[in-house]
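Structural characterization, general
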Amino acid sequence: MSNHGDSWLLFSMVSGLTVSGNGQIDGQGPIWWENSCIGTPSPALQFKRCIGLRLSGLTHVNSPRVHITITTCKDVIVSNLHIIAPETSPNTDGIDISGSINVNIRDSIIATGDDCIAIGGGSSYIKISGIMCGPGHGISIGSLGHGGTDVVENVDVHNCTMIKTLTGVRIKTYQGGTGYANKILFTGIKFDAVNNPIIIDQYYCPSHKAVNLSDITYRGISGTSNTDNVINLSCSKTVACTNIVVDSVHIKSAIPGRKVYGSCINACGRATHVQPYLDCLKPSTDLCNGPLS
């Protein structure tokens, strides 16, 4: 464990580390949230360059900022955590992953003021399942492409529930960024009165460069939304999203009788058995500037 000045609890370059138990880590965040002028707080618990990490059982409360970060790690299993912070607490992500390979996060309850789980650049073979998320900002990939090139691939998010979150499952990139995100699967997701259930946000103002998004599947998803636009696939105007599959998705308004809809910008793929009806995906490779497999 490190005593670096920019960290609170940091484990670095440890192989075979297990952190488990039924104890609680209290970040005493309110004093930081209410006094932003005193500086930018570090994440409460950080893991860097660890191999074979196992983290389970703990309760994490009121981190000053991100509760847990997993950076440049490999072969990680995180399970049965309970992460709690007020809905209004700033930047209190539950778990942030970056630069890591083969990370499995499962069977946990996360209720915070920001992303329940965020997947950053350099990450691959990420599996997320059995997460109860909310309040918070849902499960996000990104933001990607901020100040450089980012790559994310082979992400599997399944059997998760979002309750009253600001977004559901989101992919977000910066305009002008480079890199790619592909082979991303969202299945068995349930929404309960969320805002923006399915969203791709690429800051679709014109730009010569953009993170390339492809091979993204949404399947077996259902629930209710507080917003009318329940499927929002807003891709870059210069680099289309390709091979987007939306299948067996049924999302209705949380307000009885209110109509909902889906929208697309420069997105290629196919939609089947979708409610609301989604006819904005471009079916032809001729209409996109990338291959559609």
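For the structure itself, look to the data block above.
In this report, we go over the structure that sits alongside the text. (Residues numbered from 1 in each chain as written. Predicted model: local features only at pLDDT ≥ 70, side-chain atom pairs only at ≥ 80, totals over all residues. Heavy atoms only, no water.)

1. What to know about the sheet that holds strand 20 (residues 198-201)
The strand order across the open sheet built from 10 strands is 1-4-7-10-12-14-17-20-22-24, with neighbouring strands paired in parallel fashion. The two strands at the open ends of the sheet, each matched to only one other strand, are strand 1 (9-12) and strand 24 (261-265). Averaged over all adjacent pairs, the angle separating strand axes in this sheet is 15 degrees, with direction ignored. Across 4 bridges, strand 17 (residues 169-173) lies against strand 20 in parallel orientation. Bridging across to strand 20, Val169 finds its partner in Ile198. (Pairing = 2+ DSSP bridges. Helix = DSSP H or I, 4+ residues; strand = E, 2+ residues; numbered from the N terminus. Axes fitted to C-alpha atoms, helices over the stretch in contact; angles between N-to-C directions.)

2. Quick notes on the packing of aromatic side chains
All told, the structure shown has 2 aromatic pairs when counted by the stated rule. Aromatic pair Phe11 and Phe47: ring centres 5.5 Å apart, planes at 15 degrees, arrangement stacked. A residue pair is termed long-range when its members are at least 10 positions apart, and Phe11 in strand 1 and Phe47 in strand 4 (residues 45-48) qualify at 36 residues. According to the relative accessible area criterion, Phe47 is buried, its value standing at 0%. Between Phe186 and Tyr218, the ring centres sit 5.3 Å apart and the planes meet at 10 degrees, which makes this aromatic pair stacked. Residue Phe186 is located in strand 18 (residues 178-187), and its partner Tyr218 is located in strand 21 (residues 212-225); the two are separated by 32 residues in the primary sequence. Residue Tyr218 is classed as buried on the basis of its relative accessible area of 1%. (Phe/Tyr/Trp six-rings, centres within 6.5 Å; stacked < 30°, edge-to-face > 60°. Buried < 20%, exposed > 50% of the residue type's maximum accessible area, 1.4 Å probe, protein only.)

3. With respect to the side chain of Ser63
Following the sequence through the fold, Ser63 ends up in the loop between strand 6 (59-61) and strand 7 (68-71). The exposure class of Ser63 is buried, given its relative accessible area of 1%. A distance of 3.1 Å separates the side chain of Ser63 from the backbone oxygen of Arg65, its partner in a polar contact. With near-sequence residues (within four places) excluded, Ser63 lies in contact with Gly27, Gly29, Trp33, Ala44 and Thr92. (Polar contact = N/O pair within 3.5 Å; in protein donor to acceptor, adjacent residues only side chain to side chain. Contact = heavy atoms within 4.5 Å.)

4. Quick look at the pattern of salt bridges
Taken as a whole, this structure holds 3 salt bridges when the rule is applied. Residue Arg170 pairs with Asp115 through a salt bridge whose shortest N-O separation is 3.0 Å. With Arg170 in strand 17 and Asp115 in the loop between strand 11 (101-111) and strand 12 (117-119), this residue pair connects regions lying 55 residues apart in the sequence. The burial state of Arg170 is the same as that of Asp115; both residues are buried. Arg219 serves as the salt-bridge partner of Asp247, at 3.0 Å between the closest nitrogen and oxygen. Here Arg219 lies in strand 21 and Asp247 lies in strand 23 (residues 241-253), a separation of 28 residues in the sequence. The partly exposed category is assigned to Arg219, whose relative accessible area is 38%. (Salt bridge = Lys/Arg side-chain N within 4 Å of Asp/Glu carboxyl O.)

5. Notes on the nonpolar core
If you look at the biggest cluster of nonpolar residues, it comprises 67 residues, and the most contacted ones within it are Phe47, Ile95, Ile128, Phe186, Ile198, Tyr218 and Leu233. Top contributing element to this core by residue count: strand 23, with 5 residues. Those residues in contact with Phe186 that sit more than four places away from it in its chain are Ile141, Val157, Val169, Ile171, Ile216, Thr217, Tyr218, Arg219 and Ile221. (Core = buried A, V, L, I, M, F, W, Y, C linked by side-chain atoms within 4.5 Å.)

6. Quick look at the state of the cysteines
All told, the structure shown has 3 disulfides when counted by the stated rule. Across the disulfide, Cys116 is cross-linked to Cys133 (sulfur-sulfur distance 2.1 Å). Residues Cys116 and Cys133 share a disulfide whose torsion about the S-S bond is about 85 degrees; that sign makes it right-handed. Linking Cys116 in the loop between strand 11 and strand 12 with Cys133 in strand 13 (residues 123-133), this pair joins segments that are 17 residues apart in sequence. For the pair shown, Cys116 and Cys133 are each scored as buried. Paired through a disulfide, Cys264 and Cys280 show a sulfur-sulfur distance of 2.0 Å. Between Cys264 and Cys280 the disulfide shows an S-S torsion of about 50 degrees. By sign, it is right-handed. (Disulfide = S-S within 2.5 Å.)

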